[in-house]
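# Chains, contacts and geometry: an overview
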Amino acid sequence: DIKGFVFDLDGVITDTSVLHGNAWHQLADSLGVSWNDDLANGLKGISRMDSLEMILKAGHKENDYNQEQKVALATQKNDNYVAEVNKMTPANILPGMKAFLDDLRAKGYQLSLASASKNAPRVLDKLQLADYFPKVVDPANLTHGKPDPEIYTKGAQVLNLDPAQCIGVEDAAAGVQAINAAGEVSLGIGDAHELAAADMVFADTASVTLENIAKKLG
Ligand code: B16
Ligand code: MG
C-alpha cells in the first residue's frame, strides 16, 4: 500500500525550471556557449556544478576554467536565480498542486521533498508550502545526484517507509530513473516519450489527483 509521496520541486510544485533556464542561458551567453532546448532540458534535475559542467562541455570550454573559477561562475548564476526566486509568491504554485497536497495531507499520506536544489527551502518558503514538507532531503549531503537513486532512497527513509510504499513525483527523465532505481513507484509529469520509463505519466500537474493515480495503478 502507498503511504507516502516523495516530491521533486522544480517542474513539479512550481516552475522554477524556467528561472533556472533563464539564469543559465544568461551565463552561457556571457561565456559564448550557444544555448538550445536540448541543453535546457538536459539540465533539469541536475545539480548546480554538474549543470555548469554540461554547459561548458557543450561549448568545448570545460578545460578553460579552474575549479575556483567554476565555483565563481556557478555563484554568479545562483545570485541571478535567487533574485528571481525572491519575487515568487503562492501564485507560482503549478495548477492543481496546492489542492493535491491538501488532499494528500487530509488523507494522511506522508510527504517528503527530494529536490536537487539547495534553494528548495527558500522556494518552499516563498510559496508558503514549508509546513507541508517538514522532511526535506538536504542535497548538500548527497554523494551522487539524480539519476542516482540516493536522493529518492533518502526521501523514503526520512518518512520511515519502504521505498515500495512511496510514489516519487518527477518532471525530469533523470529523476524518473532515480525513482525507479530506488524501488519506488514513479509518477512522471510531462512528455510521455521523454518520461517513458515512468510507471505512470500525466501530461500536466492539473491532472495529478489521487483519483487519477488510483485509476492508473489499476
Ligand atoms: P540549485 P529539482 C533541480 O531541482 C533543478 O531541476 C536543476 O535545474 C538545478 O540545477 C538543481 O535543482 C540545483 O539547483 O542550483 O538551486 O541548488 O528538479 O531536483 O527540484
Ligand atoms: Mg524537477
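Identification of the protein as HAD family sugar phosphatase from Levilactobacillus paucivorans is taken from an unreviewed UniProt entry. Quoted verbatim from the Sequence similarities (unreviewed entry) heading of the UniProt record, the comment on the protein is "Belongs to the HAD-like hydrolase superfamily. CbbY/CbbZ/Gph/YieH family."

### Some words on the UniProt feature "active site" (unreviewed entry) in the protein
Under the local residue numbering, the UniProt record ascribes the feature "active site" (unreviewed entry) to Asp8 and Asp10. When you line up the elements, Asp8 lands in the loop between strand S1 (4-7) and helix H1 (16-31). The exposure class assigned to Asp8 is buried, which follows from the 31 C-beta atoms found within 10 Å. Residue contacts for Asp8: discarding those within four places in its chain leaves Gly45, Ala114, Ser115, Val169, Glu170, Asp171 and Gly175. Along the polypeptide, Asp10 turns up in the loop between S1 and H1. When the 23 C-beta atoms within 10 Å are taken as the criterion, Asp10 is described as buried. In contact with Asp10, not counting residues within four places along its chain, are Thr16, Ser17, His20, Ser115 and Ser117.

### Regarding the site of ligand 1
Taken together, 20 residues lie near ligand 1, and Asp10, Arg48, Ser115, Ala116 and Ser117 sit nearest. Looking at the shell around ligand 1, the elements that each hand over two or more residues are H1 and helix H3 (48-58). Residues of the shell around ligand 1, tallied by class, amount to five nonpolar, 10 polar and five charged.

### Concerning the sheet that holds S1
The parallel open sheet is built from six strands, whose spatial order is S3-S2-S1-S4-S5-S6. For this open sheet the edge positions go to strand S3 (135-136) and strand S6 (200-202), each flanked by a neighbour on one side alone. Alignment of S1 against strand S2 (residues 110-113), held across four bridges, turns out to be parallel. Looking at the pairing, Phe5 lines up with Leu111 of S2.

### Some points on the packing of helix H7 (residues 150-157) against helix H8 (residues 173-182)
When two helices pack together, their arrangement is given by the angle between their axes and by how far apart the axes lie. Taken N-terminus to C-terminus, the directions of H7 and H8 make an angle of 55 degrees; their axes are 7 Å apart at the nearest point. In terms of axis orientation, H7 runs oblique to H8. Taken as a pair, H7 and H8 cross one another with a handedness that is right-handed. On the side of H7, the interface is formed by Ile151, Tyr152 and Thr153, while H8 contributes Ala178, Ile179 and Ala182. A class-by-class count of the residues in the contact of H7 with H8 yields five nonpolar, one polar and no charged.

The rules behind the values
- Residues numbered from 1 in each chain as written.
- Chains lettered and ligands numbered in written order.
- Predicted model: local features only at pLDDT ≥ 70, side-chain atom pairs only at ≥ 80, totals over all residues.
- UniProt positions renumbered as here; feature names shortened; annotations may be inferred.
- Helix = DSSP H or I, 4+ residues; strand = E, 2+ residues; numbered from the N terminus.
- Buried ≥ 20, exposed ≤ 12 C-beta atoms within 10 Å, placed from the backbone.
- Contact = placed C-beta atoms within 7 Å.
- Near = placed C-beta within 6 Å.
- Nonpolar A, V, L, I, M, F, W, Y, C, P; charged D, E, K, R; others polar.
- Pairing = 2+ DSSP bridges.
- Axes fitted to C-alpha atoms, helices over the stretch in contact; angles between N-to-C directions.
- Parallel < 35°, antiparallel > 145°, perpendicular 65-115°, else oblique.
- Left-handed = near helix turned anticlockwise from the far one by under 90°.

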